[in-house]
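One letter stands for each residue in the lines below.
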Amino acid sequence: MSLRFYNTLSQRVEEFHPARDNTVRLYTCGPTVYSYAHIGNFRTFTFVDILRRWLRASGYGLDHVMNITDVDDKIIRNAAAEKKTLGEYTAVYTQAFLEDCATLRLEVAEHLVKATDHIGDMADAIARLTAGQHTYTSDGSVYFRIATFPGYGKLSHNDFSGNLAGARVDVDEYEKADARDFALWKAPKEGETSWDTKIGPGRPGWHIECSVMAIKYLGETLDIHAGGVDLIFPHHENEIAQSESLTGKQFSRFWLHAEFLMVEGQKMAKSLGNYFTLRDLIGRGYKPEAIRYLLASVPYRKSLNFTFDGLQAAQMAIERLRNFKLRLDTEKLPEGGDDKMAARTEAAAQAFVNSLDDDLNTAEALAAAFEYARDANSAMDAGQFGADNRAAAVRFFEQFDAVFDVLKPSGADAGDDDSKIEARIAERNAAKKARNFARADQIRDELLAMGIILEDTKSGVRWKRK
Ligand code: AMP
Ligand code: ZN
């Protein structure tokens with residue numbers, strides 16, 4: 001089987017290959033940096049991270065753009081309230097977002113681009129849309145005339161016929177299923193930041209930034225465009241209308257959308273007040289890896305209910321895997337290999353691949369790892385896991401962690417790890433003093449299997465990681 005994704009555009013699961021040169025051109029809508037992102041936002045960004053890692057594991061190169069929306073209604077309002085410039089205000093939350101991504105081990109896109117660095121490009125695009133008769137101007141604002149784009153509705157599968165002309169909207173968010181001409185460019189208002197451009201003074205609407213930055217860095221047709229389901233309409237529908245009106249080409253071949261993180265039956269959202277930031281949870285003592293695990297554990301097209309019990313269970317699940325990995329790395333195994341165990345390892349690795357190939361079925365991929373750990377533990381207990389079985393099992397867990405990335409402890413725990421190593425070294429020193437050289441050698445070998453190299457020097461034992 002090969003890699004397949006559910007494509008919102010076709011409403012079907014389709015086999016995925018990039019269109020050109022083995023590189024996936026991927027665009028994902030990034031954060032609006034008006035405040036700290038909440039873990040609902042990070043559910044979508046964690047999905048993007050798993051997507052990136054699985055595309056890479058599938059042998060593809062990545063060319064990924066993520067935008068930072070650093071100008072919008074809320075940002076302007078909040079910056080003014082704090083008497084800060086837009087730049088001063090958004091720098092804080094952009095930095096916080098990047099720190100949170102690092103905490104959650106989310107890979108950074110190849111191009112992380114800010115809307116305010118592309119105002120001129122947006123003005124150019126709007127000028128071209130105007131030349132193509134796709135816009136009209138009213139009170140200094142420029143609107144996209146939806147009636148000029150016959151494909152409008154093809155992503156959200158809404159039928160907008162009879163509902164396309166006339167009414168317009170200039171706020172960045174508006175009601176679902178309400179197709180109104182949207183603002184590409186907003187007239188300057190007293191006291192608001194604006195830019196002087198070839199189409200006059202003002203500031204861009206939200207939708208145009210994604211079209212412009214995607215095309216600028218990735219070309220006219222993307223392989224994959226992704227975001228949360230709330231972006232399908234109107235944001236992504238509008239991106240398609242703008243981009244395809246500009247280029248005459250299909251804007252993105254695949255559209256992938258992550259379902260919501262929920263709290264007690266409702267979407268986690270700033271506006272509902274039912275949210276936690278990453279910092280809230282870490283402040284309460286939860287581990288970043290546990291949060292990452294929880295967010296990744298449910299396949300992205302299913303909504304995920306956030307609970308503290310779930311977070312606790314995630315932490316315990318990681319501990320189980322870590323304990324197995326430690327045993328795998330350090331256990332003294334009988335010589336030779338067991339054929340049944342070799343076949344079991346291969347089957348687990350294959351099940352892992354098949355699950356992620358199946359539209360990133362992370363729940364099944366995790367199950368493959370847990371069932372394997374359980375069977376391999378039993379086999380070790382029964383002496384049916386030989387030394388020759390170790391390498392393949394280690395490879396499987398490397399493959400697992402290249403995607404899920406939860407096995408290495410972070411922060412204070414990483415320090416704990418160091419102190420555990422020091423403790424083993426102290427144990428070895430004591431064994432040597434007691435002239436129990438066999439025990440001392442055994443500890444050295446166990447540490448070596450964990451990637452720790454010991455050096456006996458005149459001033460004592462030094463250690464380093466391989
Ligand atoms: P924003 O910063 O509001 O532009 O949102 C950033 C990303 O988070 C978008 O892709 C949204 O679709 C996504 N998002 C917002 N709320 C949730 C939620 N409760 N669960 C999952 N994704 C969400
Ligand atoms: Zn976008």
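Undergrad: Help me understand the pattern of salt bridges in this model?
TA: When their charged atoms lie close together, side chains carrying opposite charge are able to pair. With the rule as written, the count across this model stands at 36 salt bridges. The salt bridge involving glutamate 107 is made with arginine 56; its shortest N-O contact spans 2.8 Å. In this pair, glutamate 107 is assigned in the loop between helix H3 (86–103) and strand S5 (111–114) and arginine 56 in helix H1 (residues 39–57), connecting sequence segments 51 residues apart. Accessibility expressed as a relative area gives 39% for arginine 56, which makes it partly exposed. For lysine 249, the salt bridge goes to glutamate 220, with nearest N and O atoms at 2.5 Å. Of the two residues, lysine 249 is situated in the loop between helix H6 (232–247) and strand S13 (252–258) and glutamate 220 in the loop between helix H5 (206–218) and strand S12 (222–228); the sequence distance between them amounts to 29 residues. Judged by its relative accessible area of 43%, lysine 249 falls in the partly exposed class. A cluster of three or more residues bridged by salt bridges with shared partners is formed by Asp49, Arg52, Arg53, Arg56, Arg105, Glu107, Glu110, Arg292, Asp405 and Lys408.

Undergrad: Looking at this structure, I do not really get helix H4 (residues 119–131). What am I missing?
TA: What sets the pattern is the α-helix's 3.6 residues per turn: residues three or four places apart point alike. Look at H4: 18 Å from first C-alpha to last across 13 residues, which is about the 18 Å you get at 1.5 Å a residue. Within the span of H4, buried status applies to Ile119, Met122, Ala123, Ala125, Ile126 and Leu129. The arc that holds the buried residues of H4, viewed along the axis, is 160°, so those residues lie on one side. Looking at the residues trailing H4, positive phi occurs at glutamine 133, about 65°.

Undergrad: In this structure, what is going on with the coordination of the zinc ion (ligand 2)? I would like to understand it.
TA: Ideal geometry at a metal gives 109.5 degrees between four tetrahedral donors and either 90 or 180 degrees between six octahedral ones. At the metal site, the zinc ion (ligand 2) is ligated by Cys29 (SG), Cys210 (SG), His235 (NE2) and Glu239 (OE), and these contacts range over 2.0 to 2.6 Å. Here the zinc ion (ligand 2) is ringed by four donor atoms whose angles at the metal span 72 to 132°, and the overall shape comes out irregular. All donors of the zinc ion (ligand 2) belong to a single chain; written as a sequence motif, their spacing is C-x180-C-x24-H-x3-E. Taken together, the residues cysteine 29 in the loop between strand S3 (23–28) and H1 and histidine 235 in helix H6 connect sequence positions 206 residues apart. When sorted by exposure, cysteine 29 lands in the same class as histidine 235, which is buried.

Undergrad: Is there a simple way to explain the sheet that holds S12 in this structure?
TA: Two modes of strand pairing occur in sheets, parallel and antiparallel, and in both the strands are linked by backbone hydrogen bonds. Reading across from one edge, S5-S4-S3-S12-S13 is the order of the five strands in this open sheet, with parallel pairing throughout. Among the strands making up the open sheet, the edge pair consists of S5 and S13. Strand-to-strand twist across the sheet, computed as the mean angle between neighbouring axes with direction ignored, equals 20°. Where S12 and S13 come together, six bridges link them in parallel fashion. Each residue of the ladder has a partner; that of glycine 227, found in S13, is histidine 257.

Undergrad: In this structure, what is going on with the environment of threonine 94? I would like to understand it.
TA: Mapped onto the elements, threonine 94 comes out in helix H3. The exposure class of threonine 94 is buried, given its relative accessible area of 11%. Residues threonine 94 and serine 194 lie 100 residues apart in sequence; the distance between their C-alpha atoms is 20 Å. Not counting the four nearest positions on each side in its chain, threonine 94 is found in contact with Val33 and Ile68.

Undergrad: I keep staring at helix H10 (residues 339–357) and nothing clicks. Help me out?
TA: Between its terminal C-alpha atoms H10 stretches 27 Å, which fits the 27 Å expected from 19 residues at 1.5 Å a residue. Those residues of H10 not exposed but buried are Met341, Thr345, Ala348, Phe352, Ser355, Leu356 and Asp357. Elements in contact with the buried residues of H10: strand S1 (4–7), H1, helix H11 (362–381) and helix H12 (390–404). The N-terminus of H10 is capped by aspartate 338, whose side-chain oxygen sits 2.9 Å from the backbone nitrogen of lysine 340. Of the residues flanking the end of H10, it is aspartate 359, one or two places downstream, whose phi is positive at about 55°.

Undergrad: Explain unusual backbone geometry here, please?
TA: Most peptide bonds are trans, and most residues other than glycine sit at a negative phi. For the bond from phenylalanine 233 to proline 234, the omega torsion is 5°, close enough to zero to count as cis. The phi dihedral of asparagine 22 falls on the positive side, at around 65°, and the residue is not glycine. Assignment of secondary structure puts asparagine 22 in the loop between strand S2 (12–15) and S3. In this structure, aspartate 359 takes a positive phi of about 55° despite not being glycine. With respect to the helices and strands, the residue aspartate 359 is situated in the loop between H10 and H11. Residue class for aspartate 359 comes out buried when judged on its relative accessible area of 10%.

Undergrad: Can you help me understand empty space enclosed by the protein in this one?
TA: Empty space among the atoms becomes visible once a probe the size of a water molecule is rolled across them. In this structure the tally under the stated criterion is three cavities of 30 Å³ or more. In this model, the largest cavity occupies a volume close to 110 Å³. As for the largest cavity, its lining consists of 13 residues, of which Met66, Cys101, Leu106, Glu107 and Val108 are closest to the centre. For the lining of the largest cavity, the secondary structure elements donating two or more residues are H1, strand S4 (61–68) and H3. Residues that form the lining of the largest cavity fall into these classes: ten nonpolar, one polar and two charged. What the second largest cavity holds in volume is close to 80 Å³. If you go around the second largest cavity, the residues you meet are Arg43, Phe47, Ile50, Leu295, Ala296, Val298, Pro299, Tyr300, Leu360 and Thr362. Counting only elements with at least two residues in the lining of the second largest cavity, the list comes to H1 and helix H8 (288–297). With three residues, the single largest contributor to the lining of the second largest cavity is H1.

So, how was this worked out
- Residues numbered from 1 in each chain as written.
- Chains lettered and ligands numbered in written order.
- Predicted model: local features only at pLDDT ≥ 70, side-chain atom pairs only at ≥ 80, totals over all residues.
- Heavy atoms only, no water.
- Salt bridge = Lys/Arg side-chain N within 4 Å of Asp/Glu carboxyl O.
- Helix = DSSP H or I, 4+ residues; strand = E, 2+ residues; numbered from the N terminus.
- Buried < 20%, exposed > 50% of the residue type's maximum accessible area, 1.4 Å probe, protein only.
- Expected span 1.5 Å × (residues − 1).
- Arc of directions from axis to C-beta.
- Donors = N, O, S within 2.8 Å, 3.2 Å for Na, K, Ca; no water.
- Tetrahedral: all angles 85-135°; square planar, octahedral: opposite > 155°, others 65-115°.
- Pairing = 2+ DSSP bridges.
- Axes fitted to C-alpha atoms, helices over the stretch in contact; angles between N-to-C directions.
- Contact = heavy atoms within 4.5 Å.
- Polar contact = N/O pair within 3.5 Å; in protein donor to acceptor, adjacent residues only side chain to side chain.
- 1 Å grid on protein atoms, 1.4 Å probe; cavity = no way out; pocket = protein on both sides within 12 Å on 5 of 7 lines; lining within 4 Å.
- Points joined across faces, edges and corners; volume = space filled by probe spheres on them.
- Nonpolar A, V, L, I, M, F, W, Y, C, P; charged D, E, K, R; others polar.

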